[in-house]
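Close look at the chain arrangement
Here's the letter readout for the chains.
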2 protein chains.
Amino acid sequence: MKATIINIGDELLIGQITNTNATWMAQKLNQHGIAVDKVIAVADKKEAIVSTLEESFKNSKIIILTGGLGPTKDDITKDTLAEYFDMEMEFHQESFDNIKQLFAQFGKTTDKRYKVQAEMPVGAKILINKTGTASGMWFDYEDKIIISIPGVPREVKYLMKYSILPQLKLELETPTIIHRTINITGKGETHLAELLKDFENKLPSNIKLAYLPNPLIGMVRLRLSATGNDAIVLETQLDHHVRKLIPILGTMIYGEGKESLESVIGKLLIHKGFNLGTAESCTGGNVAHKITSVSGSSAYYDSSIIAYSNNAKINLLDVKPKTLSEHGAISEETAIEMARGTQKLLNVNCSIAVTGIAGPTGGSPEKPVGTIWVAVTKNEEIITRKLKLGKERLQNIEQTTTIALNLLRRFLLDDL
Amino acid sequence: MKATIINIGDELLIGQITNTNATWMAQKLNQHGIAVDKVIAVADKKEAIVSTLEESFKNSKIIILTGGLGPTKDDITKDTLAEYFDMEMEFHQESFDNIKQLFAQFGKTTDKRYKVQAEMPVGAKILINKTGTASGMWFDYEDKIIISIPGVPREVKYLMKYSILPQLKLELETPTIIHRTINITGKGETHLAELLKDFENKLPSNIKLAYLPNPLIGMVRLRLSATGNDAIVLETQLDHHVRKLIPILGTMIYGEGKESLESVIGKLLIHKGFNLGTAESCTGGNVAHKITSVSGSSAYYDSSIIAYSNNAKINLLDVKPKTLSEHGAISEETAIEMARGTQKLLNVNCSIAVTGIAGPTGGSPEKPVGTIWVAVTKNEEIITRKLKLGKERLQNIEQTTTIALNLLRRFLLDDL
């Protein structure tokens, strides 16, 4: 069962936007047992659309087109397809009602253009789009299925999720595929693949393991996908294999699915009744930014001191001038005093302190760019880590943030 | 003059990676006067590559293929093309020398696989790749040009910039196109288009204006592209039109090309001999993160207090308990005291203070989500702004950061 994705729009051909629709659609189609044969970006020109469509018939049963369904003159997909399939256009009440409803939400009334937008080809199945004014269209043509939807990412997602994928499953009896994503930090893809060699070899043939690494921030997601007919059987099977990962990976696993490191830390802090403060030098607020990106973080997050200057380290965080002069700002001693100073200053149970050289300049032979000290406290306890990262400023900031947050997580789990 | 981009790789068809190569390549080709007819992602299978190539001959003079040139068994592009063009393979000394040199940089020696990788089709022009072990290939075939390069983004960029685009220019006498990008914040795309209507209508036919908006962070880039034969004439022409933008847009323009708002602020602070501290509540460190993402920012950036709790606002920033109880944490009064407290605490000339409700929860009828106060100080002077943003947490954080930084920039320019 193969599909071709055709993304219509000049903006793709001049490089104004990146084709993220294709990435998302390809993921979802594959996850539903439909392989993607080609992804083709074409101009919003009639001949280009028709010739690409016909070319796609050679290898694909399903062709999904995005784009060119708006209310302007440039939007020619609907007319092109209606003409190609030799269908009349007719006013479609349900589509127009949907448009009116969307406008009503913003206290507006529709204008004339939208009457035209509600004209749909007679004979096509119409896919009502609750997220936008253009309905989708489904054409059954010979043994092919041709689907045309708008190109706005939110609308693509809505129509794929609630209309196209369920209908394809019904009509084509595609297998049921269930996924489980395990979020990991602490080891890279290569190392994980080594650890999981045996696990992977012993997986039943209907379960596939995929590595989704994000090296910039130092995280890897593992995706287990089970294919079969019965969702409940597959869920149980996945449960079983996810459980087998735990003794192998332990607390390298920080969460599942959409759980982020910062949301997991939030839950742990709330559970323990702890609050948190941070003191950052080289990460410049990124640790705080991550923690506060969780809605509700004010329940456990107090404050952060971003102490870029030595003065701020001394005056705010109570780092001793002697410590700075003897060991330097980038040292275990300074990191410890920053972490303790944060606890005292903000009156918090837990603190994270980071000090280092993010680069690309500022290194020395003894302390090259990428030398970073992290200290984490939990009441009286304290742990420290020395990091030796690379030369890329942004990557150093992101990776240090991940490592510092993960250190706190494992500390809270008494796993250090 | 048309081109087709063919990106080879299963990872594109399962949605594992987004095709950013195509975006970048399309931009560059268009900027060099070569329109892109189609972008096609295909599997690394012989038949798929050959049929897509032949299909592309219909509309394009130039076909650029990426991917499938690595040293593993899956990499079949080179053999497929050599067979298609009926060329023998031969050991290519210059390619092998390049591989050896790359390995030597890391103190390593090459292994056997790389002898095979240095075998190239006889009759193709070989494009030496200083950024990777796979050379590119250029085939002249009938009236077509077929170019095959590796798919690693860094290698794509290197080979396009230093090899393919200059050679295409030479062979095809494509026009010279020169671009200038103007970075703007403070107004959205629609408003700018209104302001620039007259300017745009009066542009000579060889100059095009493009809007590149980034609504998440509240910025728009304007790109002026001039097409002609003589680079110096075009530069002068662009200078002239960029100068015409200044009276229309004024200080909405914060920079050109790669200049960021935070790097511009850095230069202004250094120029004035000022230093900066920040106090953030709802932006949770994002203002500090932006400022410190500039290498060398420690020269003018002192510290930041991320005062999430009222306690921190009171104890660290000297906000009066009475101010908090009478006006609330989200108020002009609190923002002012935070900004003044920051100046005092950190002993800095300038400060930025932000307090608000980033959402999605935490709003009230009087102070809905998206209500944010910003205060900026410059020695004794102070300005404040009330923002009424949307409901999206991340967007609120990003837009507030941009607005706060821009406020400081205009304040430093005495433009408020």
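The shown structure was predicted, so the numbers you read here are calculated from the model rather than taken from an experiment.

A few points about the pairing of strand 9 (residues 176-185) of chain B
Residue and element names in this part refer to chain B. The element strand 9 is largely enclosed, with a buried count of 9 among its 10 residues. Here strand 9 pairs with strand 11 (residues 219-228) via 10 bridges, running antiparallel. The partner of Thr185 across the bridge, within strand 11, is Met219. Strand direction decides the pairing type here: strand 9 and strand 12 (residues 253-256), joined by 3 bridges, are antiparallel. Across the sheet, residue Ile182 finds its bridge partner in strand 12, namely Glu256.

Structural notes on the pattern of salt bridges
All names here are of chain A. Per the counting criterion, the structure on display carries 36 salt bridges over all chains. Between Lys46 and Glu83 there is a salt bridge, with its nearest N and O atoms 2.9 Å apart. Of this pair, Lys46 sits in helix 3 (residues 46-57) while Glu83 sits in helix 4 (residues 77-84), placing them 37 residues apart in sequence. Through salt bridges with shared partners, a single ionic network connects Lys272, Lys378, Glu381 and Asp414.

Considerations on the sheet that holds strand 10 (residues 207-214) of chain A
Residues and elements named next belong to chain A. Read from one edge of the open sheet, 4 strands run 10-11-9-12, paired in antiparallel fashion. With partners counted over all chains shown, the strands left at the sheet margins are strand 10 and strand 12 (253-256), one partner each. Within the sheet, the average angular offset between the axes of one strand and its neighbour, ignoring direction, is 25°. Alignment of strand 10 against strand 11 (residues 219-228), held across 8 bridges, turns out to be antiparallel. Paired with Lys208 across the bridge in strand 11 is Ser225.

Considerations on unusual backbone geometry
Cis geometry marks the peptide bond from Gly359 of chain A to Pro360 of chain A, where omega comes out at 5°. Residue position: Pro360 of chain A is located in the loop between strand 15 (350-356) and strand 16 (371-378).

Considerations on the domain arrangement of chain A
Residues and elements named next belong to chain A. Considered domain by domain, chain A is made up of domain 1 (2-172), domain 2 (176-256) and domain 3 (261-412). Here the C-alpha centroids of domain 1 and domain 2 sit 34 Å apart. Across the boundary between the two partners, domain 1 contributes 5 residues, which contact 4 residues of domain 2. Where domain 1 abuts domain 2, roughly 330 Å² becomes buried across the two surfaces, and 50% of that area is made up of carbon and sulfur atoms. The tally of links between domain 1 and domain 2 comes to 2 residue pairs in polar contact (both at pLDDT 80 or more). A per-class count over the side of domain 1 that touches domain 2 returns no nonpolar, 4 polar and 1 charged.

Re the interface of chain A and chain B
Across the contact, 57 residues belong to chain A and 57 residues belong to chain B. At the boundary of chain A with chain B, total buried surface from both sides reaches about 4000 Å², with 54% on carbon and sulfur atoms. Considering only the surface of chain A that becomes buried against chain B, Leu13, His289 and Tyr308 of chain A emerge as the three largest contributors, covering 14% of it. Applying the counting rule to chain A against chain B returns 0 salt bridges.

Notes on the relation of the copies chain A and chain B
With an axial shift of 0.2 Å and an RMSD of 0.2 Å, the rotation relating chain A to chain B amounts to 180°. Those values place the two copies in the arrangement expected of a two-fold rotation axis. The fraction of interface residues of chain A whose copies in chain B are also interface residues reaches 100%, indicating that both copies meet through the same surface.

Focus: the nonpolar core
Soluble, globular proteins show a tendency: their nonpolar side chains are buried together. If you look at the biggest cluster of nonpolar residues, it comprises 69 residues, and the most contacted ones within it are Ile352 of chain A together with Ile352 of chain B. Once residues within four sequence positions are removed from consideration, Ile352 of chain A is found in contact with Leu276, Gly277, Thr278, Ala279, Val287, Ala375, Val376, Ala404, Leu405 and Leu408 of chain A.

Considerations on the packing of helix 11 (residues 261-272) of chain A against helix 16 (residues 393-412) of chain A
Residue and element names in this part refer to chain A. At a minimum axis distance of 10 Å, the contact between helix 11 and helix 16 shows a crossing angle of 30°. Here helix 11 is positioned roughly parallel relative to helix 16, judged by the angle of their axes. In terms of crossing hand, the pair formed by helix 11 and helix 16 is left-handed. Residues Leu261, Glu262, Val264, Ile265, Leu268, Leu269 and Lys272 of helix 11 form the contact with helix 16, whose participating residues are Thr402, Leu405, Asn406, Leu408, Arg409 and Leu412. In terms of residue class, the contact of helix 11 with helix 16 is built from 8 nonpolar, 2 polar and 3 charged.

As for the pairing of strand 8 (residues 144-149) of chain B
Two faces make up the sheet, and in a regular strand the side chains alternate between them. All names here are of chain B. Taken across its 6 residues, strand 8 has 6 buried, putting it largely inside the fold. The sheet contact formed by strand 3 (residues 62-66) and strand 8 spans 5 bridges and is parallel. If you follow Leu65 over to strand 8, its bridge partner there is Ser148. Both strand 7 (residues 136-141) and strand 8 contribute to a ladder of 5 bridges, which runs antiparallel.

Thoughts on the environment of Ala358 of chain B
Residues and elements named next belong to chain B. Mapped onto the elements, Ala358 comes out in the loop between strand 15 (350-356) and strand 16 (371-378). For the pair Ala358 and Ser281, spaced 77 residues apart in sequence, the C-alpha to C-alpha distance is 9.4 Å. The contact partners of Ala358, leaving out residues within four places of it in the chain, are Cys282, Val369, Lys391, Glu392, Arg393, Asn396 and Ile397.

Calculation notes
- Residues numbered from 1 in each chain as written.
- Chains lettered and ligands numbered in written order.
- Predicted model: local features only at pLDDT ≥ 70, side-chain atom pairs only at ≥ 80, totals over all residues.
- Heavy atoms only, no water.
- Buried < 20%, exposed > 50% of the residue type's maximum accessible area, 1.4 Å probe, protein only.
- Helix = DSSP H or I, 4+ residues; strand = E, 2+ residues; numbered from the N terminus.
- Pairing = 2+ DSSP bridges.
- Salt bridge = Lys/Arg side-chain N within 4 Å of Asp/Glu carboxyl O.
- Axes fitted to C-alpha atoms, helices over the stretch in contact; angles between N-to-C directions.
- Domains from an automatic or database assignment.
- Contact = heavy atoms within 4.5 Å.
- Buried area = accessible area lost by both parts, 1.4 Å probe.
- Polar contact = N/O pair within 3.5 Å; in protein donor to acceptor, adjacent residues only side chain to side chain.
- Nonpolar A, V, L, I, M, F, W, Y, C, P; charged D, E, K, R; others polar.
- Least-squares fit on C-alpha atoms with pLDDT ≥ 70 in both.
- Core = buried A, V, L, I, M, F, W, Y, C linked by side-chain atoms within 4.5 Å.
- Parallel < 35°, antiparallel > 145°, perpendicular 65-115°, else oblique.
- Left-handed = near helix turned anticlockwise from the far one by under 90°.

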